[in-house]
Amino acid sequence: MALTNPNIPENRPVIRQLDEAAINRIAAGEVVERPASAVKELVENSIDAGATRIEIVVADGGKTLIRVTDDGWGIAADELPLALSRHATSKIDGSDLLDIHSFGFRGEALPSLGAVGRLTITSRRAGSDAAEIRVSGGKIEPVKPAALSAGTVVELRDLFFATPARLKFLRTDRAEMQAITDVIKRLAMAEPYVSFALFDASNGNRREIFSANAEQGEMFDALNGRLATILGREFADNALPIDAERDGFHLTGYAALPTYSRGSAVAQFLFVNGRPVRDKLLIGALRGAYMDFLSRDRHPAAALFIDCDPNLVDVNVHPAKSEVRFREPGIVRGLIVSGLRHALANAGHRASTTVASDTLGAFRPEQRPAAPIYQMDRPSMGAKSMTYQMQAPTPQPSMGFAEMSAPSARFEEVTETKSKPAESLPLGAARAQVHENYIIAQTETGLVIVDGHAAHERLVYEKLKKQMADNGVAAQALLIPEIIEMSSGDAARLMEIADDLSQLGLTIEPFGGGAICVRETPAILGEVNAKDMMMDILDELADLGDSHTVKSRIEAILSRVACHGSIRTGRRMRAEEMNALLREMEATPHSGQCNHGRPTYVELRLQDIERLFGRS
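Residues numbered from 1 in each chain as written. Predicted model: local features only at pLDDT ≥ 70, side-chain atom pairs only at ≥ 80, totals over all residues. Heavy atoms only, no water.

Caption draft 1: Broad picture of the overall build of the protein. Scanning the protein for helices and strands turns up 19 helices and 24 strands. Counting over 616 residues, the protein shows a buried share of 46%. If you sum the accessible surface of the protein, you get close to 32,500 Å²; carbon and sulfur atoms cover 52% of it. (Helix = DSSP H or I, 4+ residues; strand = E, 2+ residues; numbered from the N terminus. Buried < 20%, exposed > 50% of the residue type's maximum accessible area, 1.4 Å probe, protein only. Areas by Shrake-Rupley, 256 points an atom, 1.4 Å probe, with all protein chains shown as cover.)

Right under this line is the structure:
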């Protein structure tokens, strides 16, 4: 019995040229995935036109209306028909597709939108009259005069009316509106000197969704103000400025303290030459920079900008231009990791202010019907010092704090020295230890509560890491080298990072074909399953472009050693021990969070404490 080949039809198809309308609808399938894609293309056009104010109005999640109004330099009347032609653009001349300095460059957005919706463009170039052109489902109408003072208004109605099947794949109006808002916020971060306003005009009601006025001043100050508007004042208050440069790449932006972490990656914003991107290499580098400070279920918050010569990066690798390809990806990754870690190290013991806010929020004062606000004169330092002496308990052989029937705290007498008062230091002077773990310290502006075990654990961990960095990672040679079979491609990828693995005590060699020979493993890990470790490294390389498997395992061992070697909960500490711990925390980078990203101390301001007691 003869079987027919299902891939060879009886009537063989004939190659034919598609008409312009079909070509534009196919292109629209790549460029315009959803309403947010259309908004992105139109707003980027406004930014490329030098606009300083951009207003976006949408209705029904962008399905029935998208209108973008800007004050850019506009389009001349005789150029409007050309603007609706495919691959017609004013942004490049086609001689060098890598020398791109604008958001758009393909000339596909406007004709694609006109192919799947009802598009109207009204524009006025300075010194000329305004003009208007319409296109519906790919059919272009003649240019006609219009009324407009300056700039451009692009109105898109009934998106996908020409391809109704696409409408079935759109999400709810609320979800599409959220996607549009996210697009506008990302573009607003990239352009702090441009004003943005987003409105929802559904059901005939115009409601403001997002607004950001143009920032003023120096770039870092402008960016900080814009990020405070978009991500909130808490992010701006707890973010560190980033400014690093290496081999033609310049990294700027803000990265939050580890104690200001998130439960997901929703607060990670990455830009390349001002273009918002979602790139695995950059995301992996960001995660790698915080690897030593956050547990796996926590994610850093950051807005990072990489600027470089356009010839060092290819932005023409994705239809929506959301991914890029660097000529030297290793340099970019190293710049991000080193730049962020340097900033985090310079932050010293600093922890996020949200820790104190959460602590104050946990206090639930008793609710009274009409609680009065007590106002008292704040005493002078001399009066407070005398009060401390008058209220200090007189030690009694049988009734000291340390000899109470259920001891849970110990009090240290306040002693004055001729040197600089300890209260003026960042973490203050130790005054008491409660529940044999938590240190209460007094500062000039309030008090600090320190988790003694977590703080000492971090200090020991940092010492162990420094010792490892100074002395290297000891390797143990396998009595019988382990041969691991894999594809030749996977083996080649592992050999590319063989030198980096060797510095961590893991020595591998090629063994012919797709085999890898593992000769040494890190001694601190003890007995390891070499094959599983190699597979984990390959998975990380495929997912993030780099691997931290070996280093993370070594640091996990160091973390456990630090935990066992640190001060245990339940141990009473003398005053000099507590103060020594505070001083060491002040001098040690990253001491503001434990090995799992949790805070090691909470700082409460005096005015906040007084507010808890009804004082003002």
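Picking up where we left off.
Caption draft 2: Local environment of the nonpolar core. Core analysis: the largest hydrophobic core is formed by 58 residues, its most contacted members being Val43, Ile54, Ile56, Leu119, Ile184 and Phe196. By residue number, the principal contributor to this core is helix α6 (residues 173–190), which donates 9 residues. Those residues in contact with Leu119 that lie beyond four places of it in its chain are Leu84, Leu110, Leu113, Gly114, Ile133, Arg134, Val135, Val154, Glu155 and Leu156. (Core = buried A, V, L, I, M, F, W, Y, C linked by side-chain atoms within 4.5 Å. Contact = heavy atoms within 4.5 Å.)

Caption draft 3: Spatial organisation of the packing of aromatic side chains. Enumeration over the complete set of coordinates arrives at 4 aromatic pairs. Between the aromatic rings of Phe249 and Phe326, the centroid separation amounts to 6.0 Å while the plane-to-plane angle is 70°, which identifies the pairing as edge-to-face. Separated by 77 residues along the polypeptide, Phe249 in strand β11 (residues 249–256) and Phe326 in strand β16 (residues 325–326) bring together distant segments of the chain. One exposure class covers both Phe249 and Phe326, and it is buried. When the ring of Phe271 is compared with that of Phe305, the centres are 4.4 Å apart and the planes differ by 5°; the resulting orientation is stacked. Here Phe305 lies in strand β14 (residues 302–307) and Phe271 lies in strand β12 (residues 268–272), a separation of 34 residues in the sequence. (Phe/Tyr/Trp six-rings, centres within 6.5 Å; stacked < 30°, edge-to-face > 60°.)

Caption draft 4: The sheet that holds strand β21 (residues 475–485), seen in detail. Judged by pairing direction, the sheet is antiparallel, and its 3 strands sit side by side in the order β21-β23-β22 without closing on themselves. Of all strands in the sheet, those bounded by a partner on one side alone are β21 and β22 (507–510). Looking at each pair of strands side by side, their axes are set apart by 20° on average, direction ignored. Sheet topology note: the β22/strand β23 (residues 515–522) ladder contains 4 bridges and is antiparallel. Bridge pairing in β23 links Ile508 to Val518. Along the sheet, helix α14 (residues 488–496) makes contact with β22 and β23, crossing β22 at roughly 135°. (Pairing = 2+ DSSP bridges. Axes fitted to C-alpha atoms, helices over the stretch in contact; angles between N-to-C directions.)

Caption draft 5: Geometry of the sheet that holds strand β10 (residues 239–246). Here we have 5 strands laid out as an open sheet, ordered β10-β11-β14-β12-β13, and mixed in their pairing. Looking at strand neighbours, the two that pair on one side only are β10 and β13 (275–277), the edges of this open sheet. Neighbour to neighbour, the strand axes of the sheet diverge by 20° on average, direction disregarded. Contacts from helix α9 (residues 280–289) reach β12, β13 and β14, with the element oriented near 130° to β12.

Caption draft 6: Molecular detail of helix α2 (residues 35–48). A rise of 1.5 Å per residue sets the reference length of α2, with its 14 residues, at 20 Å; its end C-alpha atoms lie 20 Å apart and thus fit the reference within 8%. Most of α2 sits out of view: 13 of its 14 residues are buried. Positive phi shows up at Gly50, right after α2, with a value of about 80°. (Expected span 1.5 Å × (residues − 1).)

Caption draft 7: Inspection of the packing of α2 against helix α4 (residues 109–116) at higher detail. Contact geometry of α2 with α4 gives a least axis separation of 10 Å together with a crossing angle of 140°. One element, α2, and the other, α4, form an angle in the oblique class. In the crossing of α2 with α4, the sense of the turn from one axis to the other is left-handed. Two secondary-structure elements touch here, α2 through Ala38, Glu41, Leu42 and Asn45 and α4 through Ala109, Leu110 and Leu113. Residues of the contact of α2 with α4, tallied by class, amount to 5 nonpolar, 1 polar and 1 charged. (Parallel < 35°, antiparallel > 145°, perpendicular 65-115°, else oblique. Left-handed = near helix turned anticlockwise from the far one by under 90°. Nonpolar A, V, L, I, M, F, W, Y, C, P; charged D, E, K, R; others polar.)

Caption draft 8: Quick look at unusual backbone geometry. Look at Asn203: it is not a glycine, yet its phi comes out positive at around 60°. If you trace the backbone, Asn203 turns up in the loop between β8 (195–200) and β9 (207–212). Taking relative accessible area as the criterion, Asn203 reaches 73% and is therefore assigned exposed. One non-glycine residue, Glu436, adopts positive backbone phi at about 50°. By the element assignment, Glu436 lies in the loop between β18 (429–434) and β19 (438–442). With relative accessibility at 19%, the residue Glu436 sits in the buried group.

Caption draft 9: Focus on the packing of α2 against α6. Their axes nearest at 9 Å, the elements α2 and α6 cross at an angle of 25°. One way to sum up the angle between α2 and α6 is to call them roughly parallel. Of the two elements, α2 crosses α6, and the hand of that crossing is right-handed. Of the residues in α6, those in contact with Pro35, Ala36, Val39, Lys40, Val43, Glu44 and Ile47 of α2 are Glu176, Ala179, Ile180, Val183, Ile184 and Leu187. In the contact of α2 with α6, the residues fall into 10 nonpolar, no polar and 3 charged.

Caption draft 10: Fine view of the environment of Val337. Tracing the backbone through its elements, the reader meets Val337 in helix α10 (residues 329–346). Once the C-alpha coordinates of Val337 and Gly288 are considered, the two residues, 49 residues apart in sequence, prove to be 6.6 Å apart.

Caption draft 11: Summary view of the pattern of salt bridges. If you walk through the whole model with that rule in mind, you get 27 salt bridges. Close ionic contact of Glu79 with Arg125 constitutes a salt bridge, the shortest N to O distance being 3.7 Å. Of this pair, Glu79 sits in the loop between β2 (65–70) and α3 (80–83) while Arg125 sits in the loop between β3 (118–124) and β4 (131–136); the two residues are 46 residues apart in sequence, bridging distant segments of the chain. Assessed through its relative accessible area of 29%, Arg125 is described here as partly exposed. A salt bridge links Lys465 to Glu462, with the shortest nitrogen-to-oxygen separation between them at 3.5 Å. One end of the pair, Lys465, and the other, Glu462, are both in helix α13 (residues 452–471), 3 residues apart, so they sit about a helical turn from each other. The residues Lys465 and Glu462 share a single accessibility class, namely buried. Counted as one network, the salt bridges with shared partners bring together Asp292, Arg458, Glu462 and Lys465. (Salt bridge = Lys/Arg side-chain N within 4 Å of Asp/Glu carboxyl O.)

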